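Architecture and fold: a report
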Amino acid sequence: MLVDEASANLVERLALWLQTSGQYVEISQQLPPKNQCNVDHIVHLQGWNASADASVTLLSTILTTVHALALCSEKTPKLWVVTRGGALALECEEAHTINPVQSALFGFGRVIMNEYPSLNCTLIDATFSLDAPEDVVRLGNELLQPDGANEIMLTNQSRYVL
């Protein structure tokens, strides 16, 4: 899992939950230069509190990650991009805050889907409270039991497939 300060608390709890589900989890701030092709999944959870000025750095960082993963010849890891306030869902009944930097990342995730289909990229916009234990389980279940949806929005009350 690729983490930063804003997502660290959730990632620690998510990693623990995944480990109790039998998964091996590594947490890092950047893609390890070696062995990135020896993993099954890369979960990107960065830039949640990034300013507009930092958006170029955020997008170039994920682009570097995508390029590294695209070089994997035998087995390409699945890429998950988890944003907070990145999805624009007009029909959503719950109020949620739109984050322009995360919207740019969510949009870039759509480009990844088209340009790098081998990464099997899935976008999850997590607008729920970060404190509730059940939300860790909901996010973990999305990672462990994908249903084929590749653009998902998780709110406090609902799951939307975009």
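Predicted model only: the values in this text are computed from it and were never measured. (Residues numbered from 1 in each chain as written. Predicted model: local features only at pLDDT ≥ 70, side-chain atom pairs only at ≥ 80, totals over all residues. Heavy atoms only, no water.)

**Focus: the environment of Ala15**
This is how the line gets drawn: The numbering of helices and of strands both runs from the N terminus, where a helix is a DSSP run of H or I of at least 4 residues and a strand a run of E of at least 2. When a residue's accessible area, from a 1.4 Å probe over protein chains only, is under 20% of the maximum for its type it is buried; when over 50% it is exposed; and in between it is partly exposed. Between two residues, a contact is recorded if the distance between any of their heavy atoms is within 4.5 Å.
Tracing the sequence through the fold places Ala15 in helix α1 (residues 8-20). Judged by relative accessible area, which is 4%, Ala15 ranks as buried. Those residues within four positions of Ala15 in sequence are excluded, and the remaining contacts are Met1, Val25 and Ile27.

**So, helix α2 (residues 55-70)**
Definition in use: Given the number of residues in a helix, its expected span is that number minus one, multiplied by 1.5 Å.
The end-to-end C-alpha distance of α2, which contains 16 residues, comes to 22 Å, matching closely the 22 Å that a straight helix rising 1.5 Å per residue would cover. Buried residues in α2 make contact with β1 (2-3), β2 (41-45), β3 (78-83) and α3 (100-115).

**Concerning the sheet that holds β1**
Let me state the cut-off plainly: Strands are labelled as partners when DSSP assigns at least two bridges between them. Every axis corresponds to a line fitted to the C-alpha atoms, with the helix fit spanning only the stretch in contact, and the corresponding angles, defined between N-to-C directions, vary from 0 to 180 degrees.
Across the sheet, which stays open at both edges, the six strands sit in the order β1-β2-β3-β4-β5-β6 with mixed pairing between neighbours. Of all strands in the sheet, those with a lone pairing partner are β1 and β6 (159-161), marking the two edges. Summarising the sheet, β2 and β3 pair through four bridges and their orientation is parallel. By the bridge assignment, His41 is partnered in β3 with Lys78. Contacting β2, β3, β4 (122-126), β5 (151-154) and β6, helix α4 (residues 133-144) crosses the sheet at an angle of about 165° to β5.

**Examining the nonpolar core**
As a reminder of what qualifies: In this description, a nonpolar core means a group of buried Ala, Val, Leu, Ile, Met, Phe, Trp, Tyr and Cys residues linked to one another through side-chain atoms lying within 4.5 Å.
In terms of nonpolar packing, the biggest core is built from 22 residues, with Met1, Val82, Ile124 and Leu139 touching the most fellow members. For this core, the secondary structure elements donating two or more residues are α1, β2, β3, β4, α4 and β5. Per-element accounting of this core gives the leading share, five residues, to α1. Once you skip the residues sitting within four places of it in the chain, Leu139 turns out to touch Leu10, Leu14, Val82, Ile124, Phe128 and Leu154. By size, the runner-up hydrophobic cluster in this structure holds 21 residues, among which are Leu69, Leu79, Val101 and Ile112.

**What to know about the packing of aromatic side chains**
Remark: the centre distance and the inter-plane angle together describe each pair of aromatic rings, the angle taken between the planes. We count it as follows: Centre distance within 6.5 Å is the pairing criterion for rings of Phe, Tyr and Trp, where only the six-membered ring of Trp is used; planes under 30 degrees apart are then read as stacked, over 60 as edge-to-face, and the remainder as tilted. Over a ring means this: the NZ of a Lys or the CZ of an Arg is within 6 Å of the ring centre and within 35 degrees of the ring normal.
Considering all chains together, one arrives at zero aromatic pairs under this definition. A cation over a ring is seen here: Lys78 above Trp80, with NZ or CZ 4.4 Å from the ring centre. The ring of Trp48 has Arg84 lying over it, and the distance from NZ or CZ to the ring centre is 5.6 Å.

On their own, these measurements won't tell you what the molecule is for.
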